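What the coordinates show
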Amino acid sequence: MLPIDLKPEKFTGYPPEARKLAVNNVSALQRLPLTFLPSLLREMIDYDFKFPVERRAVERELATIASLSSEQLKDWFQGFVQIRLSSQLENLDWINAPAQFVEQLSAHLWSTHQLDAFRMAAVGYADRLRAAAPPEPPPVPRLGIAVIGQGVVAYDAPLFRKLRAHGAYFNHVEPENGLQLLLDAVAARAKAHSGAYAHWYIDGGQAARYDPAITCVSYRALEPARAALTAKMRAEIERPGMGPEALRTLMARMRPEDLGMMAEPGKTSDPVMDRFQLKVLTEGSGTQIFATTFAQWTAREALRRAQPLTLLVRFAPRQKQKPMNEMISGSQNPPELDPAGSLVDADFGAYYNWLNQQRLPGAEQSSFLVWFEGHNEAVAIGPAWPRGSQSNALVDMKHLLS
């Protein structure tokens, strides 16, 4: 089957909102080459589980494609048309399993030496799409916050070396009630600039008390799901002939209910967050077993996908490094924690969070704050702070957030 043969009834297996989107845009989808269309369908089939900013991006892309003239369409997609596909790929169910098609397409491009040509076509398309339908700017400047070093009593080595050049370093921060003040600031922004999934709190351990207006993800709250996942991983690893590619495919096909990610009694389930948290655990390397990796990867995905206006990430101590089989063994003994090593991880994680925030629209007006929890060191980055400066004055969190 080719894209030109698409009919509305072919999308009956899609979730409700995704099916409606596909049916309403079937004439635009019919115009696309098979080398490109499954990549778009992979985004569309998950439409029901996407964040608002992702949904609007898909809608803008479809509207842009529908508006192209025949000559423009030929110009935009000629690189994809020149890619040769195997009969095996052409016969796949690319409508209902677009992710599997894209995965096998990658292997095909590699084996047939067409990867460079495909990359050039993809980059050219992305550049044209960005020019025709630019990303939406944030309604207010973004604020990113990283809290690192939980449980560390003393640390003598210099911190924030990657970030100091981009903002102001403070070495006399008043630490009392620091975390609560930061959470209050996030709550205030959530109430002043309300929006679905616009204000986040990610904790690498047990979440502190937070305002219901904030979207929260925590390592501790996902402990049952992490345990269920590692049990499935152990079972698959022990099977004869099981390799990493087969394990990856198995994890990619998991659903929230496979890990017991159900709403608590009396609470309403959030399919978007359930799917987001599932992907954090099944797509992130080490998110199942390392608290620092979990916090950094969850922040990365939240910034990339939800593009929040406010994001507070609190890193917590991870377990000490051990052989992989031991870490996923399901032992009931509490893991031995490594606070000092986790501080080093979190220091780099905070830098990555800032880099990822800077990739979003409105980066030139965004602000970022990183604080050594319980201590008096912090770095503030933003239009208000001189780059590469240092302050020895006594300041509090309200001053750093002002």
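Structure's up top.
Quick look at the structure, then. This one's a predicted model, so the numbers in the text were calculated from it and none came from an experiment. (Residues numbered from 1 in each chain as written. Predicted model: local features only at pLDDT ≥ 70, side-chain atom pairs only at ≥ 80, totals over all residues. Heavy atoms only, no water.)

**Notes on the overall build of the chain**
Scanning the chain from N- to C-terminus turns up 16 helices and eight strands. Dimensions of the chain along its principal axes, counting C-alpha atoms only, are 70 × 50 × 45 Å. Expressed as a percentage of its 402 residues, the buried residues of the chain come to 48%. Long-range pairs, those at least 24 residues apart, make up 73% of the contacts in the chain with a sequence separation of at least 6. Summed over all atoms, the accessible surface of the chain reaches about 20100 Å², with 52% contributed by carbon and sulfur. Computed over 43 positive and 43 negative side-chain charges, the inter-centroid distance for the chain is 2 Å. (Helix = DSSP H or I, 4+ residues; strand = E, 2+ residues; numbered from the N terminus. Buried < 20%, exposed > 50% of the residue type's maximum accessible area, 1.4 Å probe, protein only. Contact = heavy atoms within 4.5 Å. Areas by Shrake-Rupley, 256 points an atom, 1.4 Å probe, with all protein chains shown as cover. Lys, Arg positive; Asp, Glu negative; His and termini not counted. Charge placed at Lys NZ, Arg CZ, Asp CG, Glu CD.)

**As for the packing of helix α12 (residues 271-283) against helix α13 (residues 291-306)**
With their axes 10 Å apart at the nearest point, α12 and α13 run at an angle of 130° to one another. With respect to their mutual orientation, α12 and α13 come out oblique. In this structure, the crossing between α12 and α13 has a hand that is right-handed. Counting all contacts with α12, which are made through F276, K279, V280, L281 and E283, the residues of α13 involved are F294, W297, T298, E301, A302 and R305. (Axes fitted to C-alpha atoms, helices over the stretch in contact; angles between N-to-C directions. Parallel < 35°, antiparallel > 145°, perpendicular 65-115°, else oblique. Left-handed = near helix turned anticlockwise from the far one by under 90°.)

**Section: the nonpolar core**
Generally speaking, a soluble globular protein has its nonpolar side chains buried in company with each other. Formed by 49 residues in total, the largest nonpolar core has its most connected members in F51, I148, F160, L163, W200, F276 and V370. Among the elements that line this core, the one with the most residues is α13, at seven residues. One finds L21, L68, Y125 and A133 within the second-largest nonpolar core, a separate group that totals 39 residues. (Core = buried A, V, L, I, M, F, W, Y, C linked by side-chain atoms within 4.5 Å.)

**Some words on α13**
Taking 1.5 Å of rise per residue, the 16 residues of α13 would be expected to cover 22 Å, and the 21 Å separating its terminal C-alpha atoms lies within 8% of that figure. Buried residues dominate α13, accounting for 12 of its 16 residues. The set of residues buried in α13 consists of A291, T292, F294, A295, Q296, T298, A299, E301, A302, L303, R305 and A306. Those residues of α13 that are buried are in contact with α4 (52-67), β3 (199-203), β4 (215-218), α12, β5 (310-314) and α15 (339-358). Just beyond α13, the residue with positive phi is Q307, at close to 50°. (Expected span 1.5 Å × (residues − 1).)

**With respect to the side chain of H108**
Relative to the assigned elements, H108 resides in helix α7 (residues 98-111). With a relative accessible area of 13%, H108 lands in the buried category.

**Here's the deal with the side chain of E301**
Tracing the backbone through its elements, the reader meets E301 in helix α13. Among the polar contacts listed, one links the side chain of E301 to the side chain of R300, at a separation of 2.4 Å. Those residues in contact with E301 that lie beyond four places of it in its chain are F276 and A306. (Polar contact = N/O pair within 3.5 Å; in protein donor to acceptor, adjacent residues only side chain to side chain.)

**Brief notes about the sheet that holds β3**
Reading across the sheet, the eight strands line up as β4-β3-β5-β1-β6-β7-β2-β8 and stay open at both edges, with mixed pairing between neighbours. Looking at the sheet topology across the chains shown, the edges are occupied by β4 and β8 (389-391). Averaged over all pairs of adjacent strands, the angle between their axes in this sheet comes to 15°, without regard to strand direction. Alignment of β3 against β5, held across five bridges, turns out to be parallel. Bridge pairing links W200 to L311 in β5. In this fold α12 packs onto β3 and β4, with an angle of close to 30° to the strand it touches most, β4. Sitting on the sheet, α13 is in contact with β3, β4 and β5, with an inclination near 165° to β3. (Pairing = 2+ DSSP bridges.)

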